[in-house]
Structure formats: structure tokens, C-alpha cells
Amino acid sequence: MDVYQDLKKGERGAWLSIGAYILLAAAKLGIGYVYSSQALLADGLNNGTDVIASAAVLIGLKISQKPPDLDHPYGHFKAEAIAALVASFIIMSVGIQVLFEGFQSIIEPKTESPKLITAWAAIISAIIMYGVYRYNKSLAKKINSKALIAAAHDNRSDALVSVGAFAGIVASQFGIAWFDTVTAITIGFIICKTAWDIFKETAHSLTDGFDDQKLLNFKETVEKTPGVDRIKDIKARYLGSSVLVDVVIEVHAGLNVTESHKITDEVEKRMEVEHRISHVHVHIEPS
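Owing to the predicted nature of the structure, the values given are computational and were not obtained by experimental measurement.

*Asks:* Help me understand the pairing of strand β3 (residues 279–286) in this model?
*Replies:* Relative to β3, strand β2 (residues 242–251) runs parallel, the two sharing eight bridges. Directly across from Ile-249, in β3, lies its bridge partner Ile-284. Traced from β2 through helix α8 (residues 257–275) to β3, the parallel crossover comes out right-handed.

*Asks:* Where do I start with the sheet that holds β2 in this structure?
*Replies:* Strand order in this open sheet of three strands is β1-β2-β3, and the pairing throughout is mixed. Looking at strand neighbours, the two that pair on one side only are β1 (230–239) and β3, the edges of this open sheet. Here the strands of the sheet are splayed against their neighbours by 10° on average, with no regard to which way each runs. Sheet strands touched by α8: β2 and β3. Its angle to β3, the strand with the most contacts, is close to 145°.

*Asks:* Explain the pattern of salt bridges here, please?
*Replies:* When the charged atoms of two side chains with opposite charge come close together, those side chains can pair. Evaluated as defined, the whole model comprises eleven salt bridges. With its nearest N and O atoms 3.8 Å apart, the salt bridge here joins Lys-8 to Glu-11. Of this pair, Lys-8 and Glu-11 both sit in helix α1 (residues 2–34), separated by three residues, roughly a single helical turn. Taking the relative accessible area as the measure of exposure, Glu-11 reaches 6% and is therefore buried. The residue Lys-235 makes a salt bridge to Asp-233 at a minimum N-O spacing of 2.5 Å. Under the relative-accessibility criterion, Asp-233 is labelled partly exposed at 31%. Residues joined in a network through salt bridges with shared partners are Lys-8, Glu-11 and Lys-62.

About the cut-offs
Residues numbered from 1 in each chain as written. Predicted model: local features only at pLDDT ≥ 70, side-chain atom pairs only at ≥ 80, totals over all residues. Heavy atoms only, no water. Pairing = 2+ DSSP bridges. Helix = DSSP H or I, 4+ residues; strand = E, 2+ residues; numbered from the N terminus. Right-handed = clockwise from strand over helix to strand, strands pointing away. Axes fitted to C-alpha atoms, helices over the stretch in contact; angles between N-to-C directions. Contact = heavy atoms within 4.5 Å. Salt bridge = Lys/Arg side-chain N within 4 Å of Asp/Glu carboxyl O. Buried < 20%, exposed > 50% of the residue type's maximum accessible area, 1.4 Å probe, protein only.

Spelled out as C-alpha cells, the structure:
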């Protein structure tokens, strides 16, 4: 099935994030230690914890690929959404930590001025993570992966943290200590907002919530199918990144079983072609 192939493709993005985080964490911790930069050391430790978020996404994608069994007749696709939920918690913790450090610097202003090489390390890290973010975001849209889009937002958050570290280090060279504080607090709020958006969307799908506009689009497709007299009921829900649609249609009472079945086949075909939905359950009633 295409959905399993898409989930397999999603693993590339998770592995890319893990590799980037390990490499950048090692570089930042090394440079931060040698040149005594607390900001870069903290950024490096942050990247270390982000490996956990990317690993959770990878595990979720792998579990989602398991075929249906006795305990999970619909498959394991929701594991991907759970992975996105875990990632949102980790992103939120990073945002709270950045906010805490920002407000703490108001009470206890930093007086040290790190070497400029640490600023270059931070901005190079930001560029790398932004590149990883763009790749994962593009891949997530192609395969419609909630877990991978969560990982992409985590990549963007880390790029922003590195930008903040760069701005703070450069500002310290000119004695503008308050700029570091303002940047940190702003970035902290952006990261927390990102985490909240991921959590809200994922929780909505896990509780079988669905977008009204999308449902209207599905309804319009079914209504235009030849042989469908009326839609009596239509529902949709997410199964991981896949969509399941249940629709009750009314057809002419004089049709035989074969003719009615052809209408259901056409409904299923149109939903797959127009909306990439392969899981459609059609119930027929006489009009």
C-alpha cells in the first residue's frame, strides 16, 4: 500500500534530524567548552535532548508500518500521531527552558563576553537546522505525515534558538546585554506556540476530530457520483496520517446488487483520485 511506502520514506527525515543533532551537539559542546561559552554549551545540550524527540518520531513511524493484527485490526497508524504528541511535549519543554533563561537574565544579567568564534558556530548551526527543517517540511507534506511535520517544527525551533544564541553573542561584543534577553524571550514564546499548535492538532485528530471544510469537499465528490441520489450521512476521521470515510448514500430502489455495487466502486475510485483516500466504507440504502 502507498501509505506504508510513505511511512518508510518518512524515516529518512527522522534519521536526518538525528544525525544533524548528534553532529551539532558534539560541535557546540566542544567549542563551547574550549571557548567558555555558556550560551553555546546550553544550545549543544538542547540539541542532545532533541535527539530524543527525533528518535520518538522514528519509533512512531516504524510502529505505524506494522501490519494489522488481532489486537489492531485497523493497523498501527495512530502510533505516528502519538509520536507527534511526544514531540510536542519535548518542544514545549525547550520553549519553557528558553523563556526561563531569558527571564533569569533580567534578574541576573550576564557579564561575560564569549569569543566571536562561538557566534559563528551558532549561526552555522542555525543554517544547517533550517536546511533540515525545509527538507522535512517538504517531505512531510508529500507523505502527509503528522509525526514528520512535528519533527520539522522542532528543527525550526532549534534553528531559532541558534539564531538567538548568535544574536546574544554578537550583542555582547558591543555591550548590548538587553538584546540577548529580548531575543531569548521572543524565541521562547515562538517555540511554545509551535508546540501548542502541534499538540492541539494532534490531540484533535486522536479524539476523532475532523475539519468541516474537508468533509464538505468529500460530500461534494460523493454527491457528483452518477447514481447517487442523496447522501444520508458522511463521517471522516484520521487513522494516523490516513483518512477513513464512512458514507451512507441513497440510490434508486429498483437497482439490483450488481448495479448498486458499481456505484460504490465509483465512489471509492473518485475519493482516491480526487482526495487520495483509499479507506472508504460505503453503505447503500434505497431512496
